[in-house]
Amino acid sequence: MNFTQKLKQWQDLINQSLDQCLPDSETRPARLHQAMRHSMQAGGKRLRPILVLAAHELFPSPIDPIPAALAVECIHTYSLIHDDLPAMDDSDLRRGQPTCHKAFDEATAILAGDALQPLAFEIIARGYSGEPLLALELVSILSSTAGSERLVGGQMQDLLSEGTKPSEETLSYIHANKTAAMIQASLLLGFKIGSKGSDPATIELMAQAGESLGLAFQAVDDLLDVTRSSEELGKDASHDQAAGKVTWVNHVGLDKARMLASGHTERAARFVEEIGGENTFLLELLSHMLKRGT
Ligand code: GRG
């Protein structure tokens, strides 16, 4: 199976598994569950769950990485729903569909995002009940990544920096936490579930790979924001530019943003090569992610 076929197979598997783990759209209160399903099933590349599966594949174990992959997507989708709210980015379009608060209303969108957070941890608790120590480790990684010093902290700093010219250190803080943290956590979760997931030196290499990949992803996202249309992206294009957001493109310009994207991708690939194992798919995924933006 080539890279594209495998990517599609994993996306399909993730989509089917998500469908099974989300509350039914008729379960009371139906409006809330419909809103959760609207955003979770609106499309999306499923990059983070795929990173969980790809990191598990390096040194596979018989333990199923799918529950962790679904949990990551729940946290990611909640963050998108809340990021799109009028109080934050005020976006109308996400994953090619009206944003959750446009399709429903603001209060429902807030609650749909809220409900996806505990769902993530419920999926882990149920999925790894036979491996309680592993379950604790996964919960610890995901909860700290989603918390006030990482995902939420990065978002807070991003909002505080709107309309200002932040230092490069502040910009790096925002991207390392708002974007790279969840990408890094995805690789770490998959790796922990794999057979070599308790080796501290390799975990450190994986953390470095995840950070570099996350920073590359952000630089690519900044490039796409100015080089692609809303239709191509499925979300409001040039939105970051217009909102006075701090992006690499408006900070250092297009050419340097491209160089940053390829530099971080190369670094990530070097770490992945050093880790070894069955890394063919993960390495192809890295170059595929870079090609999207350049
Ligand atoms: C509200 C706590 C909180 C955090 C929001 C996700 C996020 C943090 C902000 C979204 C804005 C943004 C451009 C973030 C950086 C890149 C990013 C996370 C893009 C969206 O991820 P994709 O491209 O989206 O993987 P899909 O829809 O494919 O899952």
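Further up the page is the structure itself.
Note that the structure is a prediction, hence the values are computed from the model and not measured. (Residues numbered from 1 in each chain as written. Predicted model: local features only at pLDDT ≥ 70, side-chain atom pairs only at ≥ 80, totals over all residues. Heavy atoms only, no water.)

A. How the structure looks around the environment of Gln41. Looking at where Gln41 falls in the secondary structure, it is placed in the loop between α2 (30–40) and α3 (47–58). For the pair Gln41 and Gln97, spaced 56 residues apart in sequence, the C-alpha separation works out to 10.0 Å. Not counting residues up to four positions away in its chain, the partners in contact with Gln41 are Asp19, Leu22 and Arg46. (Helix = DSSP H or I, 4+ residues; strand = E, 2+ residues; numbered from the N terminus. Contact = heavy atoms within 4.5 Å.)

B. Structural context of helix α14 (residues 254–275). With 22 residues, α14 extends 32 Å from end C-alpha to end C-alpha; this agrees with the ideal 32 Å at 1.5 Å per step. When α14 is considered as a whole, its buried residues turn out to be Ala257, Ala261, His264, Thr265, Ala268, Ala269, Phe271, Val272 and Ile275. All buried residues of α14 project into a common sector of 160° when viewed along the axis, lining one side. Exposed side of α14, more than 90 degrees from the buried face: Asp255, Lys256, Met259 and Glu274 are the residues found there. (Expected span 1.5 Å × (residues − 1). Buried < 20%, exposed > 50% of the residue type's maximum accessible area, 1.4 Å probe, protein only. Arc of directions from axis to C-beta.)

C. Up close: unusual backbone geometry. In the segment running from Arg28 into Pro29, the intervening peptide bond is cis, with an omega of -5°. In this structure, Pro29 sits in the loop between α1 (3–21) and α2. Its identity as a non-glycine residue notwithstanding, Asp90 has a phi of 55°, on the positive side. Here Asp90 lies in the loop between α4 (66–84) and β1 (93–94). Exposure remark for Asp90: the relative accessible area of 41% places this residue in the partly exposed category. For Arg95, which is not glycine, the phi dihedral falls at a positive 55°. Within the fold, Arg95 resides in the loop between β1 and β2 (97–98).

D. Expanded view of the environment of Thr280. By the element assignment, Thr280 lies in helix α15 (residues 280–293). Each C-alpha atom, one on Thr280 and one on Leu18, is 26 Å from the other, the two residues being 262 residues apart in sequence. Engagement of the side chain of Thr280 in a polar contact is seen with the side chain of Glu278, the distance being 2.9 Å. (Polar contact = N/O pair within 3.5 Å; in protein donor to acceptor, adjacent residues only side chain to side chain.)

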